[in-house]
Amino acid sequence: MIFRVRGPFRVLGLISHKRAGEGFQALRASALNYCVNQVRRYDYKNYLCLLQLPRSGGLRDAAFALRAFNVETATAKDTARDPSLATLRLAWWKDSIDKLFSRAAATPEHPVLSMLDHVNRERRLSKHWFSRIIDARVADAELSAPPRDVGEIERYAESTASALLYLTLEAAGVRSTKADHAASHTGKAAGISLLLEATAHHSAKRVCYIPVEVAVKHGVSQEDLYRGVRGDEGVARAVFEVASVAHAHLEKARALAKDVPREASPVMLPAVATDEFLATLMRSGFDPFDPRLRRGVCGVSPLWMLLKLKWHSLRGSY
């Protein structure tokens, strides 16, 4: 026997359902707003890049959620008083991602996790890339010495910046070996450039990402970098060598552009920001302590960067 709900009870049910839907939308909007603000505050150049992604279809929202996850894990080391606290914070993120994908336990309440849960339900992301990013951040937090060689910072960039681009391609529905290959090189170029861009910040904390092998080759000590003296020729030569590796990856990424699906091109726009930073670094004589590197966005005005990104976006290039 089927009982039909009639009269005021049916109306009340419809109102309750509508209010629940409105409440869900409000929570999602709040979570998205948090993600956007985190990216705008801590990763402004990529904030400008993400504004070029299509609003329709939810790709831009998904990309902001992924970038916000990257911000949360990337800042764990900087905001912690000691490495053990950073490791604990990253362990919380790893456990939370495990719960998000297993659905066996409730995902902890956090706006970034809320957005990632929504994105994953819609787009089926790979847990592997999230784990790889977190594992790389943990290894970095526990690092007590500079990287040994260039290969070490390439692997770090691949495990963080490239992995994030792989996830963004998945969110865009792009399944392409060529696109993945371009994302690998774009991420390596962007990741290595970011380490160079943050040299002054790291040096103030007595942290160094110039590989030991490169520093020794050019007669540079860790103390030379920690002092942050401008105009040191040895430091400039060491930075030039590392920057050349980033530039080589950028060139490889762009050489693949003709074979990359057009819908994947906007995901590669961080290549434009990387190119602009490397150009500013070259104008500074490869001095990582030159204040020009910290002006605007990658050494140029935010408006110029935005226009350049828009131009590439319209052309389907990067």
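Predicted model, so just to flag it, every value in this text is computed and none were measured.

**Side note on the packing of aromatic side chains**
Step number 1: On inspection of all chains with the given rule, the structure shows eight aromatic pairs.
Step number 2: Put simply, the rings of Phe69, Trp92, Trp93, Phe101 and Phe130 pair up and form one aromatic cluster.

**Section: the environment of Tyr42**
Step number 1: Position of Tyr42 relative to the elements: it lies in helix α1 (residues 7-42).
Step number 2: Sequence-wise, Tyr42 and Leu66 are 24 residues apart; in three dimensions their C-alpha atoms are separated by 14 Å.
Step number 3: Non-local contacts of Tyr42, meaning those with residues more than four positions away in its chain, are made with Val71 and Thr75.
Step number 4: Among the polar contacts listed, one links the side chain of Tyr42 to the side chain of Arg41, at a separation of 3.4 Å.

**Observations concerning the nonpolar core**
Step number 1: Among the nonpolar cores identified, the biggest contains 96 residues, and Phe69, Leu116 and Ile210 are the most heavily contacted of them.
Step number 2: Leave out the neighbours within four places in its chain, and Phe69 touches Trp93, Ile97, Val112, Leu116, Phe130, Ile133 and Ile134.

**Some words on the environment of Leu90**
Step number 1: Of note, Leu90 is situated in helix α5 (residues 83-102).
Step number 2: The spacing of Leu90 and Glu72 is 18 residues in sequence and 8.9 Å in space, taken between C-alpha atoms.
Step number 3: Beyond its immediate sequence surroundings of up to four residues, Leu90 is in contact with Thr73, Ala76, Ile134, Arg137, Val138 and Ala141.

**Quick look at the side chain of Glu72**
Step number 1: The residue Glu72 is located in helix α3 (residues 59-74) in this model.
Step number 2: In terms of polar contacts, Glu72 uses its side chain to reach the side chain of Tyr34, at 2.8 Å.
Step number 3: A polar side-chain atom of Glu72 sits 3.1 Å from a polar atom in the side chain of Gln38.
Step number 4: Ignoring anything within four residues of it in the chain, the contact list for Glu72 reads Tyr34, Gln38, Arg89, Trp93, His110 and Val112.

**Thoughts on the packing of α5 against helix α6 (residues 111-123)**
A pair of packed helices is captured by two measures, namely the crossing angle of their axes and the spacing between those axes.
Step number 1: At a minimum axis distance of 10 Å, the contact between α5 and α6 shows a crossing angle of 30°. The chirality of how α5 crosses α6 is right-handed. The residues of α6 that touch α5, namely those facing Trp92, Trp93, Ser96, Ile97, Leu100 and Phe101, are Val112, Leu113, Leu116, Asp117 and Asn120.

**Section: unusual backbone geometry**
Step number 1: Backbone geometry at Arg124 places phi at a positive 55°, although glycine is not the residue there.
Step number 2: Assessed through its relative accessible area of 60%, Arg124 is described here as exposed.
Step number 3: Phi at Arg206 takes a positive value of approximately 60°, unusual for a residue other than glycine.
Step number 4: Tracing the chain through its elements places Arg206 in the loop between α10 (199-204) and α11 (212-217).

Cut-offs used in this document
- Residues numbered from 1 in each chain as written.
- Predicted model: local features only at pLDDT ≥ 70, side-chain atom pairs only at ≥ 80, totals over all residues.
- Heavy atoms only, no water.
- Phe/Tyr/Trp six-rings, centres within 6.5 Å; stacked < 30°, edge-to-face > 60°.
- Helix = DSSP H or I, 4+ residues; strand = E, 2+ residues; numbered from the N terminus.
- Contact = heavy atoms within 4.5 Å.
- Polar contact = N/O pair within 3.5 Å; in protein donor to acceptor, adjacent residues only side chain to side chain.
- Core = buried A, V, L, I, M, F, W, Y, C linked by side-chain atoms within 4.5 Å.
- Buried < 20%, exposed > 50% of the residue type's maximum accessible area, 1.4 Å probe, protein only.
- Axes fitted to C-alpha atoms, helices over the stretch in contact; angles between N-to-C directions.
- Left-handed = near helix turned anticlockwise from the far one by under 90°.

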